[in-house]
Amino acid sequence: MKYHFLHTATVAVLLAKISNGAPAIASSPKRNLIFMISDGFGQTSEAMARAYIEQQGNNLQWASSLDSLLVGSVRTRSSDTWVTDSAAGATAYSCAQKTYNGAIGVDKDGRACGTVLEAAKLNGYLTGLVTTSRITHATPAAFATHVVDRDMEDLIAQQLLVHDSSPANAPSGPGNRTVIKPLVDVLLGGGLCHFVPKGSSSPIESCRSDSLDLWNAAQSSGYTTVTGRRDFDALPRVPQLPLLGLFASSHMAYEIDRDYGAQPSLQEMTLRALDILHSQSNTTAGFFVMIEGARIDMAGHDNDPATHLRDILEYWRTVDAVRAFVDSHPDTLLVSTSDHETGGLTLGVDPQYLWHPQLLGPVTKSAESICSQLNILSSKEDDNDDGTIEDYVSDTVFPKYLGILNATDAEIDSVVRVAGKDGKKCKRTVGGVVSQRAHIGWSTGGHTGTDVGLYAYGRGSSAFHGNMDNTQVGQALAAYLGVSLNSATQVVQRSAQLVLSKRQSNMFIHKPYIDHN
């Protein structure tokens, strides 16, 4: 199979083509599009979270913020399997094309496809990406970058930012630099480690494989950069764009673990992004922003029901905030859906017809956080003056973190046996203790091929209804904005370079194509 690679200089091409590319939307009424993705969130997850709230107030007619917006469902398969991953799922929404699992902004043959965000930018919209994952992770990446493999996060980070687009061996000096305007105006999430150079003395440990300092490059290129809660809270109402806010080295914390004084919530990031995009798009066509509740999916992979629940509740709070924004800005459309379901969640396990939502409430830490602490303690057990791992599990993990005051010897032993060993097994064991007591079942630690919910509200929401393929949702997003994905694809493919295989995809000779016409 042949693959094509899109160099970062595509951003320059996109901006250069605004004046003579796809038709501008200036003659159309201003419109905003808020596209929300609850990663890994299936209909059973919605039912689980709803039941948790219902049992608290004994109100069996209670409805979540999503329930009243439900308009249909979405089919999720990718081009090469009935069970998609997030990369292919997000690309179906961004490019309105099926592609293979692992593909970011490229079609099934590896050719770059124009995204709805790129098409919006071509037509004068402001743009944004907000996520609780690394900003370089599959879902946000698929809206603004083009690589043949989702694991190429170093390269994705480069494509997201303004930086020197000249070949690496070009002589230095102003005459040899190309000024590139940004494609994404607001970037909020995690993943700072992919922007810090390898071997850096920065407090943030780098996860790059090279010495590129993208954080410094962003600052030098005029980005407003923020990294912590204090910086986030101190942002002016109208900051200089583009804005890059990264609040964690890797993924942002699960909501159940989040330090409120260190990281903003998904709702807070969303409200800030909407305020900024709205206030600075008054003389433009409006804005497009993708907002992802990313860690719903990761808790599903861990089969960790209480952590899954807390991130769903935060996503609901975010939907409430977005809906209020739509109510006060009638030129706005809200669409929410998922890329796939994760975990094969079931409520009730054979043979009993029951489950216990109330048992999720007392849990105060994620399985990820618990296993991380167990790993640290296991490595220092010989020097541990506070007792054995078994003591910690029985005296702290079960009563304080899982809210279980009557743990059995078998439950305690099951966690002790995986402490300090395989991280995935540890997390699923810890989550499994809560799941078993609550009578919650999981069929997999991966994704499933089931349909997911489709929710819409506001101007143009009638275009989203019934059972839709994920590519049809992508087509409807572009149609609402009045933009052409085909025109965007023609532009980005002119900057694509041929790559013979995925294995060779890190061996490019960077020869950016800059169109000066």
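Residues numbered from 1 in each chain as written. Predicted model: local features only at pLDDT ≥ 70, side-chain atom pairs only at ≥ 80, totals over all residues. Heavy atoms only, no water.

Undergrad: Where do I start with the overall build of the chain in this structure?
TA: Helix and strand counts for the chain stand at 17 helices and 16 strands. Within the chain, contacts between residues at least 6 apart in sequence are counted, and of these 76% link residues at least 24 apart. Only carbon and sulfur atoms are counted for the fraction: they give 49% of the accessible area of the chain, which is about 20500 Å². (Helix = DSSP H or I, 4+ residues; strand = E, 2+ residues; numbered from the N terminus. Contact = heavy atoms within 4.5 Å. Areas by Shrake-Rupley, 256 points an atom, 1.4 Å probe, with all protein chains shown as cover.)

Undergrad: Would you explain the sheet that holds strand β4 (residues 126–134) in this entry?
TA: Picture the strands of a sheet paired through backbone hydrogen bonds; they go either parallel or antiparallel. A sheet is described by the order of its strands in space; here 10 strands give the open sequence β6-β7-β5-β4-β8-β2-β9-β14-β3-β15, paired in mixed fashion. In this open sheet, the two strands that pair with only one neighbour each are β6 (224–226) and β15 (466–469). Averaged over all pairs of adjacent strands, the angle between strand axes in this sheet comes to 15°, irrespective of strand direction. Where strand β9 (residues 332–337) meets strand β14 (residues 452–458), 5 bridges bridge the pair, whose relative direction is antiparallel. Note that in β14 the partner of Thr337 across the bridge is Leu454. (Pairing = 2+ DSSP bridges. Axes fitted to C-alpha atoms, helices over the stretch in contact; angles between N-to-C directions.)

Undergrad: For this particular structure, what's the right way to read helix α16 (residues 470–481)?
TA: Think of an α-helix as turning once every 3.6 residues; residues three or four places apart then point the same way. Taking 1.5 Å of rise per residue, the 12 residues of α16 would be expected to cover 16 Å, and the 17 Å separating its terminal C-alpha atoms lies within 8% of that figure. Taken across its 12 residues, α16 has 9 buried, putting it largely inside the fold. For α16, the full list of buried residues reads Asn470, Thr471, Val473, Gly474, Ala476, Leu477, Ala478, Tyr480 and Leu481. (Expected span 1.5 Å × (residues − 1). Buried < 20%, exposed > 50% of the residue type's maximum accessible area, 1.4 Å probe, protein only.)

Undergrad: Quick question: what am I supposed to make of the packing of helix α2 (residues 43–57) against helix α11 (residues 305–328) here?
TA: Each pair of packed helices can be described by the angle between their axes along with the distance between the axes. For the pair α2 and α11, the least separation of the axes is 10 Å and the interaxial angle reads 85°. By the angle class used here, α2 and α11 are roughly perpendicular. For the pair formed by α2 and α11, the contact residues are Ser45, Glu46, Met48, Ala49, Arg50, Tyr52 and Ile53 on the first element and Pro305, His308, Leu309, Ile312, Leu313 and Trp316 on the second. (Parallel < 35°, antiparallel > 145°, perpendicular 65-115°, else oblique.)

Undergrad: What exactly am I supposed to notice about a negative patch on the surface here?
TA: A surface patch of like charges, here negative, comprises Glu390, Asp391, Asp395 and Asp409. When residues in the negative patch are grouped by element, the largest group, 3 residues, is from helix α13 (residues 389–401). Considering the arrangement of structural elements, one finds Glu390 in helix α13. (Patch = residues over 30% accessible without salt bridge, like charges linked within 9 Å, V, L, I, M, F, W, Y side chains within 5 Å. Salt bridge = Lys/Arg side-chain N within 4 Å of Asp/Glu carboxyl O. Lys, Arg positive; Asp, Glu negative; His and termini not counted. Charge placed at Lys NZ, Arg CZ, Asp CG, Glu CD.)

Undergrad: How do you make sense of the state of the cysteines when you look at a structure like this?
TA: Any covalent bond linking the sulfur atoms of two cysteines counts as a disulfide. With the rule as written, the count across this model stands at 3 disulfides. With a sulfur-sulfur separation of 2.0 Å, Cys193 is cross-linked through a disulfide to Cys207. Across the S-S bond linking Cys193 and Cys207, the dihedral sits near 75°, which makes this disulfide right-handed. Here Cys193, found in the loop between β5 (186–190) and α7 (214–220), pairs with Cys207, found in the loop between β5 and α7; they are 14 residues apart in sequence, far enough to count as distant. The side chain of Cys371 participates in a disulfide bridge whose partner is Cys426; the two sulfur atoms lie 2.1 Å from each other. Classification of the bridge connecting Cys371 and Cys426 rests on its S-S torsion, roughly -95°, and on that basis the disulfide is left-handed. Taken together, the positions of Cys371 in helix α12 (residues 367–379) and Cys426 in helix α15 (residues 423–438) put the pair 55 residues apart, joining distant regions of the chain. You can call Cys371 buried: its relative accessible area is 8%. When the cysteines of the chain that form disulfides are numbered from the N-terminus onward, they connect as 1-2, 3-4, 5-6. (Disulfide = S-S within 2.5 Å.)

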